[in-house]
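Residues per chain are reported as follows:
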Amino acid sequence: MSEQQLLNVGKIVNTHGVRGEIKVWPQTDFPDVRFRAGSKLLLVNPEAGGQPAEVEVVSAREQKNMFVVRLKGWDDINQVEKYKGWELKVEAEDRVELEEDEYYLSDIVGCAVFTEEGEELGFVKEILSPGANDVWVVKRLKGGDLLLPYIDEVVKEVDVAARRVKVHLMEGLL
């Protein structure tokens, strides 16, 4: 299984108590789905690679912007101590279905960007979240990066299947 097929949902940052619970920093927009009882997750060592190990959530509760999670078969602090820093992931095909006009950021990165007139500007190289709205960083074919605010007036059409984005270049963006 390649690392490309896996999506981060959390990182184990510490143990909690002596009964095998772990503190997880959520890295998903769907923590209630990912950390509910019965959810299957993949445990991945970010430094060593290797095969991910499947684990099952027994229980979870939110606590100070983190989740305290109990995994099936983990009943002692000594069993979980070695997993600090490890990542919890899911396979790409297990993604939560989104509403129409909603996209996963990973699906947008790499898309070709075109103006309304059909001129190719470049491709989305990363997405920043500085505040009120996301900013798409476009690696231009010529020149430096272009910063596009993700607002209705600028991003006109997103076709994830075709890997294309149509934008309106408001005055001052170039």
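Residues numbered from 1 in each chain as written. Predicted model: local features only at pLDDT ≥ 70, side-chain atom pairs only at ≥ 80, totals over all residues. Heavy atoms only, no water.

Peer 1: Teacher, can you tell me more about the sheet that holds strand β6 (residues 87-91) here?
Peer 2: Working definition: the strands of a sheet are paired by backbone hydrogen bonds and lie parallel or antiparallel to each other. Ordered in space as β1-β2-β5-β4-β3-β6, the six strands form a closed barrel in which the pairing is antiparallel. The sheet shows a mean angle of 50 degrees between the axes of neighbouring strands, taken without regard to direction. Pairing between strand β1 (residues 6-16) and β6: five bridges, direction antiparallel. Bridge pairing in β6 places glycine 10 opposite leucine 88. (Pairing = 2+ DSSP bridges. Helix = DSSP H or I, 4+ residues; strand = E, 2+ residues; numbered from the N terminus. Axes fitted to C-alpha atoms, helices over the stretch in contact; angles between N-to-C directions.)

Peer 1: Help me understand the sheet that holds strand β9 (residues 135-140) in this model?
Peer 2: With respect to topology, six strands assemble into an open sheet ordered β10-β9-β8-β7-β12-β11, the strand pairing being mixed. Of all strands in the sheet, those bounded by a partner on one side alone are β10 (146-149) and β11 (155-159). Each strand axis lies, on average, 35 degrees off the axis of its neighbour in the sheet, ignoring direction. For strand β8 (residues 120-128) and β9, the ladder comprises six bridges, and the chain directions are antiparallel. Its bridge partner being in β9, phenylalanine 123 is matched across the sheet by lysine 139.

Peer 1: Please explain a negative patch on the surface as it appears in this structure.
Peer 2: Taken together, the side chains of Glu99, Glu100, Asp101, Glu102, Asp152 and Glu153 present a region of like negative charge at the surface. In this fold, glutamate 153 is placed in the loop between β10 and β11. (Patch = residues over 30% accessible without salt bridge, like charges linked within 9 Å, V, L, I, M, F, W, Y side chains within 5 Å. Areas by Shrake-Rupley, 256 points an atom, 1.4 Å probe, with all protein chains shown as cover. Salt bridge = Lys/Arg side-chain N within 4 Å of Asp/Glu carboxyl O. Lys, Arg positive; Asp, Glu negative; His and termini not counted. Charge placed at Lys NZ, Arg CZ, Asp CG, Glu CD.)

Peer 1: For this particular structure, what's the right way to read the side chain of glutamate 87?
Peer 2: Counting through the fold element by element, glutamate 87 comes out in strand β6. Taking relative accessible area as the criterion, glutamate 87 reaches 16% and is therefore assigned buried. A distance of 3.4 Å separates a polar atom in the side chain of glutamate 87 from a polar atom in the side chain of lysine 89. (Buried < 20%, exposed > 50% of the residue type's maximum accessible area, 1.4 Å probe, protein only. Polar contact = N/O pair within 3.5 Å; in protein donor to acceptor, adjacent residues only side chain to side chain.)

Peer 1: Can you help me understand the pattern of salt bridges in this one?
Peer 2: Should the charged atoms of two oppositely charged side chains come close, the side chains can pair. Taken as a whole, this structure holds seven salt bridges when the rule is applied. Among the salt bridges present, the one from glutamate 81 reaches lysine 84, with a minimum N-O distance of 2.9 Å. Accessibility expressed as a relative area gives 38% for lysine 84, which makes it partly exposed. Because the salt bridges share partners, they merge into one network encompassing Lys40, Glu56 and Lys72.

Peer 1: Please explain the pairing of strand β2 (residues 21-26) as it appears in this structure.
Peer 2: Consecutive side chains along a regular strand alternate between the two faces of the sheet. Direction of pairing for β1 relative to β2: antiparallel, over a ladder of six bridges. When the bridges of β2 are listed, glycine 10 appears paired with proline 26. Connecting β1 to the next strand, β2, in antiparallel fashion are four residues, including glycine 17 with a positive phi near 75 degrees. Taken together, the three bridges between β2 and strand β5 (residues 66-71) define a ladder with antiparallel strand orientation. Residue pairing across strands places valine 24 opposite phenylalanine 67, the latter belonging to β5.

From the geometry alone we can't say anything about function, so treat these as descriptive.
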